Amino acid sequence: MDGRPALGKVNDLATLAKLDDKVLLDELRERYRNNDIYTYVGDILIAVNPFREIPGLYEDAESQRYFLEQKSSNPPHIFAIADSTYQNIIGYGGRVPQNQCVLISGESGAGKTESTKLIIKQLVELCRGNTQLEQQILQVNPLLESFGNAQTLMNDNSSRFGKYIQLMFKEGHVMGAKISEYLLEKSRVVSQGKNEENFHIFYYMFAGLSKEYKAAHHLQSADKFRYLTNGASSLKRDPDLMKSRYEELVNAMDMVGFTDEEQMSTFNMIAGVLHLGNVTFDMDDNDAAFIQNENGAVKFASQLLGINTQEVVGTLTSMVTFTRGEQVKRNYTAERARDACDAMAKAIYGRLFGWIVNKVNQLLAPPRIHAEQREIGILDIFGFEHFEKNSFEQACINLANEQLQFFFNQHVFKLEQDEYTKEGIDWTEIKFVDNQPLLNLFLNKPIGILSLLDEETNFPKGTDQSFVDKLDIHFHGNGYYTKSQQSTSGKFTIHHYAGKVTYDSSSWLEKNRDTLPPGVMEMLQGSTDDLVKLMFRGQVTRTGSLSLQARKSTSRRTRRSKKPSMDGRKRKLTVGGQFKNSLQILMERMMSSSPVFVRCLKPNHVKVPGKFDETYIRDQLLYTGMLETIKIRREGFAVRPSFPEFVEKYKIILCKASLDGNKQNCVKILKASKITGWQVGKTKVFMKYYHLEQLSEIFKVMGQSAVHLQKVVRGFLARQHVKAQRLEAQKQSQRVYNLLSQINNLAIEFSNHQHSARVHDKSIPPAYFRNGQDDELPPPPVPSFDGIATPRSSGNKYMEPVGPTSRSFGTQADSSDSDQFSDDEFKPISSTQFGTPGTRQATVKWFKETQAQQVYDPAVSSFIAEWFHGVISRRSSEVLLGSKPVGCFLIRVSESRFGYTLSFRGEGRVRHYMIDQLPNKKFVIVGEKKVHRTLKDLVEYYSTNHLSNWDGFLNEACGQEDGNCDYQELMADSYYFKLEKEAPPSRPISSGPRRQQASRVRTSRVPGGAPERDPTISGPPLPDRNYTIPNNPPTKVRSSAAMSGRPLPKRPDEAHQRLLKNQASSLNL
């Protein structure tokens, strides 16, 4: 034996003394068989897709293991990557707080999207937050997946767009999020490859929408729609799964904050897109296109999109131009009309997706930008693709992966080794495959693939074949480009880092233009549907994303944007140009952060669990340069702080409060820390990736020692303080004793003198002694207490009332708002329009203006729900529920925020849960996933469903007790809270104190005058009156004068009986 650890038991492959491709494969294969799908390569994580659920791998107990822990203390895990990035942004363990970005790469189907969701889930857990924002962020991925993911040959949940998720943190808590999306594959809307599907949302709708909705909008079976090539098979395969996914999607939209109207408009647009696909065109004898059935699919689509059917027919079959001042109508051919219809469908879906991303960013925007704010970015981008037919989309996707591989090479190899050379440390260069020449092939100007594509796109007579001919001429002899053997095939081959890919240039020019037929944009901008109108009046930014805030830019830009001229069309950026800008901005964001790499591997082509295809895995390891990565992580120096940074952070190891940031002091610190393998350059310290954990462990030990020293010192100081106080108390006690003794002696001496004078000195007249009333003698002089410090008189200030202490609750947003939001910034929704959250005045105003209808029980007309209580404290609710059975509950208005609290009797104690109202006015219990339209829906749901951490049900409402009404201040002046039975003639009800004990019952206004008020309410007293129920039907009331003859609403039996019982008991007192 060579002393090597057992096969599959090495968590970090960079620690192996000998490593080649065979050893690497053997280790990964054995770990995969043992369900150890995660492996470290230094600070890089390798994740092999298991294609199945591994029990316990992502449960809460596993998540808790990776909370502020060293990576080496637990097995490799995706949660450890999240924990590491979190520690870096909060500066935990001696780290310098800095922004982080997690780059997840791999082939399509390797597990990138799932890894993204798991990282976000763990980051939310690490925040230990108690707001609904965390749940909203968790719902973003499922929401975007529904509209942006689809089943392909390589992946059942393939991302057909790229996204960069930015999570903003302050003091370790998440404050907001932002999504940047890249290159949605809109062409998938109108056509899919063999055995591939459209976006998930289409199938979710068919499985989840009600029969009534589908019948009203003519949504027959999925296989009847041209845009759903494989729709029927997808739905038949697992309809229950599709239906549950639809319900999850609707709940996610509710959770994030989409209103019911927005959701309905969204589904209407998607249904409209489907109907556009079923519009059939034909040609007349003049080769002019016409729609075969104008009362069919085109009419249905027009109604759903809120546009005129005849206008749609005319726009899709012809165009109108002006020649020498005359209007000329040019008819389309059937083929061109079909293309126009498909272009319209793609534009609607693309704008809808852009609006969803924009809406998410608006709803999740952080309250304000802070200087100390930190950010974790997570990149989930489409994996490398190689299909039987590869088009423009695959070229852009593979270019993006080339750019990520270049960034990886730059960060891990080139920049690192250049720094070694510059700093003059001992180093042997490690060779790696540099893909810069291939990026130049695509991105160079003016001779690059994308530049030539733009040139040919803008050329009036340019064709796909002429574009390929130009490529053949310019790149003949380039080692990364191979032209097709057939000169007219329109194909060419690119030698990517992941292998050779042959591209078909069909429709490249049209896809790059991405233009709408004339008149379509104006037609959709005039839609009667507000959402359609909003989306098509927005602007597309230079990165291709939809901006609805461009209207808030400078007036000059706004005027230009309102000018729909032909010149504007010529200046329109192509899709290729937008994609280049997106890649540039993405690289800038990643370069400004500290990157963390996750390499996802796909174990086989057939997507089955348990199969480890060594050849396929080896190819992925080779083209990603994993062997070279392991070598540089083992031999290189991943941590390279400057001298001042290192000394400032680690000077405490030398127990120095101040130390110069020079080389000598760096060496002293390194030697004192007893770590090995480091080097010192000209301006920087070079350390291994694992040195940070070793230094962090030293900090931890020193921290424990510091705490122990603090404990001892504080204990000593506290004992000394107590000793000094005890000594001072003894001195004070002695002084008081001496004072009292002196007073007593003086009193005795004075009494003796007086008695002696009265008895023996007859010359003193008796009147001098005031008839013997000693207490009326003038007081003796105040004795002197020299040397004794006495406190100054307080002037009896303790008798004066103490003024109220002003307190500030919550956070008041600055009233000044001079910020001008650009295309990429989002304004958070203000919560201070009612006043400072947490103040009673603001809470009452918020409730009266926005919540009055929420507390009525629809089952009993006009009565406030039995479970509702006003602004009462946590303690008051516990008193109310203290003697109630398990499951008894109430909902009270929150004291500290605009929201509610659910309080209920659990086993052994009263439990409290915050209820938040989302921007769409719906309700959710913080931490729960289910969203509810009303508070009543929430109560009904949890009367039959468990909370996530309680096994009981809400089964009994806790009403008002002992005649108290704790929500009276929340009601408008037109409501009152007493309802009395008609008094018996033998014993009329008086207006004395007994009446004030009557129970209050919620009801509406009553004819004949106002009822008796509570004596605690300010205002003039009301006369005694008896109220009866008229028999005439209710009428619509518009003023208080019109209340005559209006009946009382129906009484809830339980509340009414309790009312009568309370009043009867008060009369018998």
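Before reading further, recall that the structure is shown in the block above.
1. Structural notes on the pairing of strand S10 (residues 318-323)
As judged from the six bridges shared by S10 and strand S11 (residues 326-331), these two strands associate in the antiparallel manner. Bridged to Ser318 within S11 is Asn331. Taking the residues that link successive antiparallel strands as the turn, the S10-S11 hairpin has two residues, and the phi of Arg324 there is positive, at about 55°.

2. Comments concerning the pairing of strand S2 (residues 44-48)
The element S2 is largely enclosed, with a buried count of five among its five residues. Judged by which residues are buried, S2 turns out to be covered on both faces: Ile44, Ile46 and Val48 on one side and Leu45 and Ala47 on the other are all buried. Sheet topology note: the S2/strand S18 (residues 594-601) ladder contains four bridges and is parallel. Considered in S18, the bridge of Ala47 is made with Cys600.

3. Some remarks on the packing of aromatic side chains
Within the structure shown, the criterion is met by 38 aromatic pairs. With centroids separated by 5.5 Å and ring planes inclined at 10°, the aromatic side chains of Phe904 and Tyr913 adopt a geometry described as stacked. Here Tyr913 falls in the buried class, since its relative accessible area comes to 10%. By way of ring pairs, the aromatic residues Phe834, Trp846, Phe847, Phe868, Phe898, Tyr900, Phe923 and Tyr967 are connected into one cluster. Positioned above the aromatic ring of Phe408, the side-chain terminus of Arg599 is 4.2 Å from the ring centre. Just above the ring of Phe637 sits the side chain of Lys688; from NZ or CZ to the centre is 4.5 Å.

4. Overview of the packing of helix H13 (residues 334-363) against helix H20 (residues 530-537)
To describe two helices that pack against each other, one gives the angle between their axes and the distance between the axes. Running from amino to carboxyl end, H13 crosses H20 at an angle of 90°, the nearest separation of the two axes being 10 Å. Our classification of the angle between H13 and H20 gives roughly perpendicular. Contacts between H13 and H20 involve Ala347, Ile348, Arg351, Leu352 and Trp355 on the former and, on the latter, Leu531, Leu534, Met535 and Phe536. For the contact of H13 with H20, the per-class residue count stands at eight nonpolar, no polar and one charged.

5. Notes on the sheet that holds strand S13 (residues 481-483)
Across the sheet, three strands lie side by side as S13-S14-S15; this open sheet has antiparallel pairing. Both edges of this open sheet fall to S13 and strand S15 (499-504), since each of them pairs with a single strand only. With direction set aside, neighbouring strand axes in the sheet form an average angle of 25°. Its contacts with the sheet place helix H14 (residues 392-423) against strand S14 (491-496) and S15, and it is angled at close to 150° to S15.

6. Comments concerning the nonpolar core
One finds Leu143, Ile201, Phe202, Met344 and Phe467 to be the most contacted residues of the largest nonpolar core, which totals 195 residues. Looking at which element gives the most residues to this core, the answer is H13, with 16 residues. Phe467 has contacts with Ile449, Leu452, Leu453, Glu456, Phe492, Trp508 and Leu509, leaving out every residue within four places of it along the chain. Of all hydrophobic cores here, the second largest spans 34 residues; its members include Phe834, Ala865, Trp867 and Phe868.

7. A short note on the sheet that holds strand S12 (residues 374-380)
The strand order across the open sheet built from seven strands is S1-S2-S18-S3-S12-S6-S7, with neighbouring strands paired in mixed fashion. Since the sheet does not close on itself, it has two edges, and those belong to strand S1 (38-41) and strand S7 (173-182), each with one partner. Pairs of neighbouring strands in the sheet enclose a mean axial angle of 20°, with direction left out of account. Pairing of strand S6 (residues 162-170) with S7 involves nine bridges; the strand directions are antiparallel.

Analysis parameters
Residues numbered from 1 in each chain as written. Predicted model: local features only at pLDDT ≥ 70, side-chain atom pairs only at ≥ 80, totals over all residues. Heavy atoms only, no water. Pairing = 2+ DSSP bridges. Helix = DSSP H or I, 4+ residues; strand = E, 2+ residues; numbered from the N terminus. Buried < 20%, exposed > 50% of the residue type's maximum accessible area, 1.4 Å probe, protein only. Phe/Tyr/Trp six-rings, centres within 6.5 Å; stacked < 30°, edge-to-face > 60°. Lys NZ or Arg CZ within 6 Å of the ring centre and 35° of its normal. Axes fitted to C-alpha atoms, helices over the stretch in contact; angles between N-to-C directions. Parallel < 35°, antiparallel > 145°, perpendicular 65-115°, else oblique. Contact = heavy atoms within 4.5 Å. Nonpolar A, V, L, I, M, F, W, Y, C, P; charged D, E, K, R; others polar. Core = buried A, V, L, I, M, F, W, Y, C linked by side-chain atoms within 4.5 Å.

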